[in-house]
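Remarks on the overall topology
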Protein chains: 2
Amino acid sequence: MASLQEVARRAKVSIATVSRVLNHSDKVVPDTRAAVEQALRELDYRPSRVARRLRMNSGHAHLVGLIIPDIQNPFYAEIARGVEDAAYAAKYALLLCNSDESPEKERFYLDVMRDESVDGIVLPPFDETDVAVIEFLKTGIPVVCVDRSLSKAKTDLVEVDNYRGALDAMAHLIAKGHKHIGLIEGRAQVSTSRERRRGYLDALAENGLAVRKDLMRAGDFKQESGRVLANELLDLRKPPTALFVCNNLMTVGALSAIHQRGRRVPQDVAVVGFDDLPWAEVLDPPPTVVRQPAYDVGRQAMELLLKRIIEPARPPVTVRLLPELVVRRST
Amino acid sequence: MASLQEVARRAKVSIATVSRVLNHSDKVVPDTRAAVEQALRELDYRPSRVARRLRMNSGHAHLVGLIIPDIQNPFYAEIARGVEDAAYAAKYALLLCNSDESPEKERFYLDVMRDESVDGIVLPPFDETDVAVIEFLKTGIPVVCVDRSLSKAKTDLVEVDNYRGALDAMAHLIAKGHKHIGLIEGRAQVSTSRERRRGYLDALAENGLAVRKDLMRAGDFKQESGRVLANELLDLRKPPTALFVCNNLMTVGALSAIHQRGRRVPQDVAVVGFDDLPWAEVLDPPPTVVRQPAYDVGRQAMELLLKRIIEPARPPVTVRLLPELVVRRST
DNA sequence: TTGTACGCGTTATCAC
DNA sequence: GTGATAACGCGTACAA
């Protein structure tokens, strides 16, 4: 744990000189430079990121935060991976936190980010009006939203065309002849939910299909709610012949509910999910899904963040990526 | 971003007094305390974790590191979740990094941990002789190993009884009448691989079954290697009738290879995996696995770490958790 | 080209 | 009880 002081002493120079050979490699004569470098090596010197961060105003921490709702959700894990890869490529470290879809945890970690003086953060806001995030913007620390957007603030944003994805999913189901399609959506206040629901409704309307309110259920993005809501739907007097399930975990829940009832997919009920599932090929059945390019979402978000750290005043940009319908055997 | 200075000025006291009302709530008369607290509120003061960390020697960062090989692997995601929950409960933030089973990335993040002066780290070492981790121990920053152990250093450790797990898996297969059991293991230098292989061999020996070297293959813990090695084994002149696959991702790879060849599980080949798989009930077939209590591994590791942070000199302890054979329909 | 000295925001040790 | 003040390790004007 050698400090600049000790290195300077050993090299018989001042700390300023040591600092100079470390940073702006300018103006230092080869001789002293060599001496300093040797001392550096001998003491195995490593600069303290903490002291550096305290000294520099901001944008030099080489540390960014990522707050995701659930690290065990493969969709977010993939985003995290994209962010991580881009961060690592730029030699940035990542303060990764798990908000558990809980505003309190989100707020706690947002505070940590601020108190740690990170260079920026990326996160999917809890919902469209996430006050904790809005509040955080005041710190001036750059924020890039991913997946979900904020309604009353403009930040950099990387999202997927959820409306288009829902349209594709519904078109596919309708082409298969389904007229009664159940919707299992997520929390209504989340931008992705709103867009997917809009796609569901528009697809119905454009194809002259009636909207049945009893076929529309809202869950919480978790597996259990997919199970429960699928059961509710299938218990209906006039059950749907197909399900459009708006995220990966709820799709698994729905699938397992259908299995448990001894019904067959897709013969008895067809299912289209949102988000691809890992190991889709060994699922029973391999599910048809709207695949989101989650890795790219993360990667591009991090790249946007790096640009903004360098140039804080640049106008916010929105990157909208295209989802892709992957037809497998659940439809 | 108000500092102690500004709060002090506003409350017309010294920074020492402000610091006192914040920390040791001792010795400060109600009047001044009230004034300070009001200033604190008005300025929305938040202490800088960075400055605090620079000042305090160690053990007060309220920040710990977690380095895992692959955040997209559900086993590690579950460990991470356990660590995270225990950390959050103690109001610690987590610097979570993804080493990608790469020694260089591991070293980079280890350096970050050191340079950030974290209070401690938890990680599964790359292998038994992981030099980067051994080196890191010299910093004096507490290290808790999870899942995998170090052969030439004693640290706190939370592991699973891998030998017992392998024994159970093999006993199950042997009871089903299998005599030619293929082994797909991970990198040999990893403690978990060694133990599982030992279980495999001992089970064979104890049941008077011959060891066939051609039935033993080593992969890299990733899905692709499971696929490739399963194919190699099934291509054998005398292929195994059952597979013992030593981690989750390789199990998925093996399963998909078998599917692709049009063979049935378990009729043509039985499969036991190590590590449970999420959504096992919707897999085809639901796999029989040796389930590791990954969440508890993470939780207990973090609890061990917290204890060590408080009491750095306590003797290292090893916690060994029991795995559980979950019999489903792949055997 | 190199060295001195200050400040970043804390905590802690002294005096008063 | 409270207030100066000295660190912690670093970057950088400014002086030499």
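Since this is a predicted model, take the numbers as computed values, not measurements.

**Quick word on the relation of the copies chain B and chain A**
One copy of the chain maps onto the second through a rotation around an axis plus a translation along that axis. Mapping chain B onto chain A is achieved by rotating through 180° and translating by 0.0 Å along the same axis, at an RMSD of 0.1 Å. The superposition operator between the copies reduces to a two-fold rotation axis. A high fraction, 100%, of the interface residues of chain B reappear at the interface in chain A, so the copies pair face to face through one surface.

**Quick word on the pairing of strand β3 (residues 120-123) of chain B**
It is a general feature of regular strands that their side chains alternate between the two faces of the sheet. Residue and element names in this part refer to chain B. Burial along β3 is two-sided: the face carrying Gly120 and Val122 and the face carrying Ile121 and Leu123 are both buried. Strand direction decides the pairing type here: strand β1 (residues 63-68) and β3, joined by three bridges, are parallel. Bridging across to β3, Leu66 finds its partner in Val122. Here β3 runs beside strand β4 (residues 143-146); their pairing, made up of three bridges, is parallel. By the bridge assignment for β4, Ile121 is matched with Val143. Between the parallel pair β3 and β4, the chain is carried across by helix α7 (residues 131-137), and the sense of this crossover is right-handed.

**Considerations on the interface of chain B and chain A**
The partner chain A presents 56 residues to the 56 residues of chain B that form the contact. Taken over both partners, the interface formed by chain B and chain A buries close to 5200 Å², and the fraction arising from carbon and sulfur atoms is 60%. At the boundary of chain B with chain A, the tally comes to 20 residue pairs in polar contact (both at pLDDT 80 or more). Broken down by secondary-structure element, the contributors of at least two residues to the side of chain B that touches chain A are α4 (49-55), α5 (74-89), β2 (93-98), α6 (103-115) and α11 (248-260) of chain B. Classifying every residue of the side of chain B that touches chain A by side-chain character gives 29 nonpolar, eight polar and 19 charged.

**A closer look at the protein's contact with DNA strand C**
Taken together, 27 residues lie near DNA strand C, and A:Thr17, A:Arg55, B:Tyr45, B:Arg52 and B:Arg55 sit nearest. The contact atoms of DNA strand C, taken as those within 4 Å of the protein, divide so that sugar and phosphate hold 63%. Contact distances for DNA strand C include 2.7 Å between a phosphate oxygen and a side-chain N or O atom of A:Thr17. Here a phosphate oxygen of DNA strand C and a side-chain polar atom of B:Tyr45 are 2.7 Å apart. Of all the secondary-structure elements, those providing two or more residues to the surface near DNA strand C are α2 (15-22) and α4 (49-55) of chain A together with α2 (15-22) and α4 of chain B. Among the residues forming the surface near DNA strand C, the class breakdown is 13 nonpolar, eight polar and six charged.

**Comments concerning the packing of aromatic side chains**
With the rule as written, the count across this model stands at eleven aromatic pairs over all chains. Between B:Phe108 and B:Tyr109, the ring centres sit 5.1 Å apart and the planes meet at 65°, which makes this aromatic pair edge-to-face. Comparing B:Phe108 with B:Tyr109 shows no difference in burial state: the two are buried. Within the aromatic cluster, the residues linked to one another by ring pairs are A:Tyr88, B:Phe108 and B:Tyr109. Over the ring of B:Phe126 we find B:Arg187; its NZ or CZ atom is 3.9 Å from the centre of that ring.

**Section: the domain arrangement of chain A**
As far as domains go, chain A holds domain 1 (4-47), domain 2 (63-160 + 297-322) and domain 3 (162-291). Placing the centre of domain 1 of chain A and that of domain 3 of chain A at their C-alpha centroids yields a distance of 63 Å.

**As for the protein's contact with DNA strand D**
Around DNA strand D, 28 residues are found, and the nearest of them are A:Leu4, A:Tyr45, A:Arg52, A:Arg55 and B:Thr17. For DNA strand D, the fraction of protein-proximal atoms (within 4 Å) that sit in sugar or phosphate groups is 58%. In this structure, B:Arg20 approaches DNA strand D through a side-chain N or O atom, which is 2.9 Å from a base nitrogen. Element by element, the count of residues in the surface near DNA strand D is highest for α2(B), at four residues.

Parameters at a glance
Residues numbered from 1 in each chain as written. Chains lettered and ligands numbered in written order. Predicted model: local features only at pLDDT ≥ 70, side-chain atom pairs only at ≥ 80, totals over all residues. Heavy atoms only, no water. Least-squares fit on C-alpha atoms with pLDDT ≥ 70 in both. Contact = heavy atoms within 4.5 Å. Buried < 20%, exposed > 50% of the residue type's maximum accessible area, 1.4 Å probe, protein only. Helix = DSSP H or I, 4+ residues; strand = E, 2+ residues; numbered from the N terminus. Pairing = 2+ DSSP bridges. Right-handed = clockwise from strand over helix to strand, strands pointing away. Buried area = accessible area lost by both parts, 1.4 Å probe. Polar contact = N/O pair within 3.5 Å; in protein donor to acceptor, adjacent residues only side chain to side chain. Nonpolar A, V, L, I, M, F, W, Y, C, P; charged D, E, K, R; others polar. Near = heavy atom within 4 Å. Phe/Tyr/Trp six-rings, centres within 6.5 Å; stacked < 30°, edge-to-face > 60°. Lys NZ or Arg CZ within 6 Å of the ring centre and 35° of its normal. Domains from an automatic or database assignment.

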